Structure formats: C-alpha cells, structure tokens
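# Structural features, examined
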Amino acid sequence: MSFPPTTTPHAPARQPDTWPALLVTGGCGFIGSRFVERWRAAHPAQPVVVLDSLTYAGRPENLAGLWGPALHLEVASITDADAVRRVCDQYGVGGIVNFAAQTHVDQSILGSLEFTHTNVLGTHTLLEVARERGIHLHQVSTDEVYGDVPAPHHSLETDPLTPRSPYAASKAAADHLVLAYHQTHGSSVTVTRAANNVGPRQHLEKALALFATNALLGLPLPLYGDGLQQRDYMHVDDHCAAIELVLRGGASGGVFNVGTGLELSNRRMAQLVTQALGLPDAPVRHVSDRPGHDRRYSLNTDRVQALGWAPDFTPEQAVLSAARWYAANRAWWEPIRRSEAFAAYYERQYAARLGAS
Ligand code: TYD
C-alpha cells in the first residue's frame, strides 16, 4: 500500500508570515527550539506560541532570552484537546508546526505505550482542532517510517511505510492520520520526513550527543553491534530551513523527504566525534545490538530540492560541528548528565551492555 501521490510538490504559496500567530508544539525540545529561534529572528513581530508538556525533552532554558511579549509558553500536552483549542483561539493561531513527540528508539524498546499516546493520539488531537478551525498543520516526521532500506535504494515519499520499531510505527501511524485528514476532510497539511538530526541541545540519549558527552567525560562510546549501520546525519539548521520552505510552498497533502542523501556509518560518526574533540582515538566499545536495529536509512530528496532547498552541511561537517558544540557548552549538558532521570536511563540502557563487553 502506498500514499496517494501528490501531483506536484509545488503549491500556490501559503503565507505563514501573515498568520496572527504560529503555534509550535514541542518547541522547547531539540529541533523545535532551533526552529523557534530561527523563526523569531526572521519574523520578530509575529507572535509565536510554544505548546510543550515539558515532561521529557522540553526545556524552557532552550529558549532562554527569547521569552517575551511575542514568544509565549503554554505548558500542556498535544493530547489535551481543550488546551490546544484554548491556545488556538486565544492567540488566533493560523498554523501549527508539530515537533512534539517521543522520539528515541531505545526508549520505545524499553516501553512504548507513551509513544502511541503522544505521537498518535497527540497528532490526531491536533488534526481535529486544526480541522475545526481551518488551521494548517505541518507534521514533523522521520525517515524511520520507511524501515530498513537496503542499498542502493533511496526512499521515495510514495514508498510503502514499513516501520520496525514501536517509535517508527507510531510516527508512521501519525503520518497516515495526517494524510487521511487531507483526503477525507480536505485538511490543509504538509509532512516532512527527516534524516537523523544533529546539532546543539540534542537530547543526551541520542547517539551523537551521548558519544560527545561520554568522550568529554572520559567514558567509552557504546557502539551497537558492528557499528556499520548507515545514517544520514544532517544538521538541525538544514532541517529547519526545509520545514520553513515546505510550510510556505509545499502542496497541501504533500510529503517531503529531508536529508543530505549522503551516509556515514556509526563507527565513522564516532571517529569524527573524537576527532572534533581533539582526542587521539575513539574510545569505542562494541556492545550488544539494538533489537530490530535498522541497518540503513537513505532518502531521495528530489521533491524538497524542487522547492529550492539544499543542505549547507555534509554529514561529516554536521557531526564535527555538533560535537564541537558539546565541548564548548558543558554548562548546558553537565546538569542533565548529573540528573537522576538520566542516570537511571543510562544504568538501564548501558550498565549490562558495558559490563558485559
Ligand atoms: P539514535 O541517535 O538513537 O537515532 P536513530 O535510532 O533514530 O537512528 O542512533 C543513531 C544510530 O546510532 C543508530 O544506528 C543506533 C546507534 N547507536 C549506537 O550505536 N549506540 C548508542 O548508544 C546509541 C544511542 C545509538
């Protein structure tokens, strides 16, 4: 089964700059906060409302210095329909960019009901409120919905979705709902499916942030399996630039892959991290593999390029630049590494693996 193809990636330009307010859900997290920062800089007079439950990756400190009369924080879950309705009405929201999600595959292996709740029910709730009010919804999705992609294929937006982790399955379900609302209700929607992001303020559970901070703490880098899995590590700024373009010019009902089209093995990524930090050797420790670990993701990005997008960073440049940020910003991540929540996760995820290797 495949999605109904969109006839063209282009559309008469939407004008998000003229919306009375933009709602960014999950705007206190890694990618969402970067998107908000960039949007605020480009549209200083337009109110932006961040809706974030602050329960997992969201940290208001990520937008320190920006909160004020044109940047509002509303603390609520995207599954809370009353809260979403109130926020949309109060601020006159004209469009929603949905970053709010549970996003870590390893967490979804440890327990995944929360993933279905937030990623599926939450997106469904936004769709309902957006439908009632005629608001555009942009859904931030992932290359993981395509599942493992054997070389030399590059996933097309029309490929069937074959997710293989509970996380990826929840994102695929959300994509289906978004596109179904477009077909059934004529809802104005767009979707981007992005490759692995790296950059400042990433959740420390993710591979690059974990490897960089482990290396800076003198700890080993736990590489799952043989470390030859291929990922397209793209810089978060390139991803945000693509979302901005799609929000303006992407056809409603359109899906747009976003990635550099280049690949790195995780082993090479680990080497680049230690190189960026000036360490002589990657203190890599091969540990037991992630169950159901997708070997490769790779995207065909012709559609988003047709909108005028091109990445500024190769995966190598993105990894080097991101790793240097963690070296220069210890004050951001050291308290998180010291937190009880992170310690408990690290123990659960790595104690047996690192002890046994
Ligand atoms: P991750 O950042 O969790 O992103 P995703 O699973 O969405 O691709 O992991 C990136 C890659 O790094 C993935 O192939 C799994 C691997 N990985 C490790 O080898 N060790 C680790 O400790 C982590 C967290 C990930």
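A quick note: this is a predicted structure, and the numbers were derived from the prediction, not measured. (Residues numbered from 1 in each chain as written. Predicted model: local features only at pLDDT ≥ 70, side-chain atom pairs only at ≥ 80, totals over all residues. Heavy atoms only, no water.)

### Considering the overall build of the chain
Condition: To qualify as a helix, a DSSP run of H or I must reach at least 4 residues; to qualify as a strand, a run of E must reach at least 2; elements of each kind are numbered from the N terminus. Radius of gyration: C-alpha atoms only; globule rule: 2.2 Å multiplied by the number of residues to the exponent 0.38. For every residue, the accessible area obtained with a 1.4 Å probe (protein chains only) is divided by the maximum for its type, and the residue is called buried under 20%, exposed over 50%, and partly exposed between those limits. The criterion used for residue contact is that any of the two residues' heavy atoms lie within 4.5 Å. Residue-level accessible areas treat just the shown protein chains as cover; the underlying method is Shrake-Rupley with a 1.4 Å probe. Counting rule applied: Lys, Arg positive; Asp, Glu negative; His and chain ends not counted. For charged residues, the charge sits on one atom: NZ in Lys, CZ in Arg, CG in Asp, CD in Glu.
A count of helices and strands for the chain gives 12 helices and 13 strands. A compact globule built from 357 residues should have a C-alpha radius of gyration of about 21 Å, and the chain, at 19 Å, falls within 12% of that. Counting every position in the chain, which comprises 357 residues, the buried fraction comes to 56%. Put simply, 82% of the contacts in the chain that link residues at least 6 apart link residues at least 24 apart. Accessible area for the chain stands at about 13,700 Å²; split by element, carbon and sulfur atoms hold 54% of it. Considering the chain, the positive charge centre built from 29 side chains and the negative charge centre built from 34 side chains are found 2 Å apart.

### Digging into the pairing of strand E11 (residues 254-258)
Put simply, the rule reads: A pair of strands is considered paired only if DSSP assigns at least 2 bridges between the two.
Among the five residues of E11, five are classified as buried, and the element is accordingly described as predominantly covered. Bridge count for strand E6 (residues 189-194) against E11 is five bridges, and the pairing is parallel. Residue pairing in the sheet places Thr190 in a bridge with Gly254 of E11.

### A word on the UniProt feature "domain: NAD-dependent epimerase/dehydratase" (unreviewed entry) in the chain
The test is simple: UniProt positions are given in the numbering used here, feature names are shortened, and annotations may be inferred rather than shown by experiment.
Under the feature "domain: NAD-dependent epimerase/dehydratase" (unreviewed entry), the UniProt entry names residues 23-259. As annotated, residues 23-259 has a helix share of 40% and a strand share of 20%, and its two end C-alpha atoms lie 25 Å apart.

### Quick word on the packing of helix H6 (residues 207-216) against helix H11 (residues 330-338)
Just so we agree on the cut-off: To define axes, lines are fitted to C-alpha atoms, for helices over the stretch in contact only, and angles between the resulting N-to-C directions are given on a 0 to 180 degree scale. Angular relationships are summarised with four words: roughly parallel below 35 degrees, roughly antiparallel beyond 145, roughly perpendicular across 65 to 115, and oblique for the angles in between.
It is the contact of H6 with H11, at a shortest axis distance of 12 Å, that shows an interaxial angle of 90 degrees. Taken together, H6 and H11 sit at an angle that is classed as roughly perpendicular. On H11, the residues that touch Leu210, Thr213, Asn214 and Leu216 of H6 are Arg330, Trp333 and Arg337.

### Let's talk about the nonpolar core
Most often, soluble globular proteins keep nonpolar side chains buried together rather than apart. Note the cut-off: The definition of a nonpolar core used throughout is a set of buried Ala, Val, Leu, Ile, Met, Phe, Trp, Tyr and Cys residues joined through side-chain atoms within 4.5 Å.
One finds Leu204, Leu208, Phe211, Val273, Val319 and Tyr326 to be the most contacted residues of the largest nonpolar core, which totals 35 residues. At the level of secondary structure, the elements contributing two or more residues to this core comprise H6, strand E8 (221-224), helix H8 (266-276), helix H10 (315-328), H11 and helix H12 (340-356). Considering every element that reaches this core, the biggest residue donor is H10, with seven residues. With sequence-adjacent residues up to four places away left out, Tyr326 is seen in contact with Gly199, Pro200, Arg201, Gln202, Leu204, Leu208, Ala209, Ala212, Thr213, Leu216, Trp332 and Trp333. Residues Leu51, Val84, Val120 and Val191 belong to the second largest nonpolar core, which totals 28 residues.

### Re the site of the ligand
How we decide: Residue proximity to a molecule or strand is established when one non-hydrogen atom of the residue lies within 4 Å of it. Whenever a nitrogen or oxygen atom comes within 3.5 Å of another N or O atom, the pair is scored as a polar contact, on the condition that within protein one atom can donate a hydrogen and the other can accept it, and that pairs from neighbouring residues in sequence are kept only if both atoms are in side chains. Three classes are used, and their members are as follows: Ala, Val, Leu, Ile, Met, Phe, Trp, Tyr, Cys and Pro are nonpolar, Asp, Glu, Lys and Arg are charged, and the others, Gly among them, are polar.
Among the 20 residues in the neighbourhood of the ligand, the closest are listed as Glu144, Pro222, Arg290, His293 and Tyr350. In this structure, an oxygen atom belonging to the ligand sits 2.2 Å away from a side-chain N or O atom of Glu144. Between the ligand and Pro222 there is a distance of 2.7 Å, counted from a nitrogen atom to a backbone nitrogen or oxygen. Protein contacts shield 97% of the accessible area of the ligand, which totals 510 Å² for the unbound molecule. For the shell around the ligand, the residue count by class is 10 nonpolar, four polar and six charged.

### What about the sheet that holds E6?
Reading across from one edge, E3-E2-E1-E4-E5-E6-E11 is the order of the seven strands in this open sheet, with parallel pairing throughout. With one partner strand each, in any of the chains shown, strand E3 (71-75) and E11 form the two edges of the open sheet. Shown here is a sheet whose adjacent strand axes are inclined to one another by a mean of 20 degrees, direction ignored. Of the pairings in the sheet, the one linking strand E4 (residues 93-98) to strand E5 (residues 136-142) comprises four bridges and is parallel in character.

### A closer look at the pattern of salt bridges
For clarity, the cut-off: Here, a salt bridge means any side-chain nitrogen of Lys or Arg that lies within 4 Å of a carboxyl oxygen of Asp or Glu.
This structure, assessed with the given rule, holds 21 salt bridges. Measuring nitrogen to oxygen at the nearest pair gives 2.9 Å for the salt bridge that ties Glu132 to Arg85. Of this pair, Glu132 sits in helix H4 (residues 113-133) while Arg85 sits in helix H2 (residues 81-91), and the two are 47 residues apart along the sequence. Each member of the salt-bridge network shares a partner with another, and the members are Arg34, Glu37, Arg38, Arg201, Asp237 and Glu244.

### Some words on the environment of Asp17
For Asp17, the position within the fold is in the segment before strand E1 (21-25). The class for Asp17 is partly exposed, based on a relative accessible area of 36%. Sequence-distant contacts of Asp17, defined by excluding residues within four places in its chain, comprise His43, Gln46 and Arg248.

### Remarks on H10
Stated formally: Working rule for helices: expected span equals 1.5 Å times residues minus one.
Across its 14 residues, H10 extends 20 Å between first and last C-alpha, which sits within 8% of the 20 Å expected from 1.5 Å per residue. Of the residues making up H10, those classed as buried are Pro315, Ala318, Val319, Leu320, Ala322, Ala323, Trp325 and Tyr326. In the core, the buried residues of H10 are packed alongside strand E7 (197-198), H6, strand E10 (234-235), strand E12 (264-265), H8 and H11.

### Details of the pairing of E1
Stated formally: For crossovers, right-handed means that the path from the first strand over the helix to the second runs clockwise, given strands pointing away from the viewer.
Of all the five residues making up E1, five are buried; the element is thus mostly covered by neighbouring parts of the structure. On E1, burial covers both faces: Ala21, Leu23 and Thr25 on one face and Leu22 and Val24 on the other are all buried. Looking at chain direction, E1 and E4 are connected through five bridges and run parallel. By the bridge assignment, Val24 is partnered in E4 with Val97. Across four bridges, E1 lies against strand E2 (residues 48-52) in parallel orientation. By the bridge assignment, Val24 is partnered in E2 with Val50. After leaving E1, the chain enters helix H1 (residues 30-42) and then returns to the sheet as E2, a path that is right-handed.

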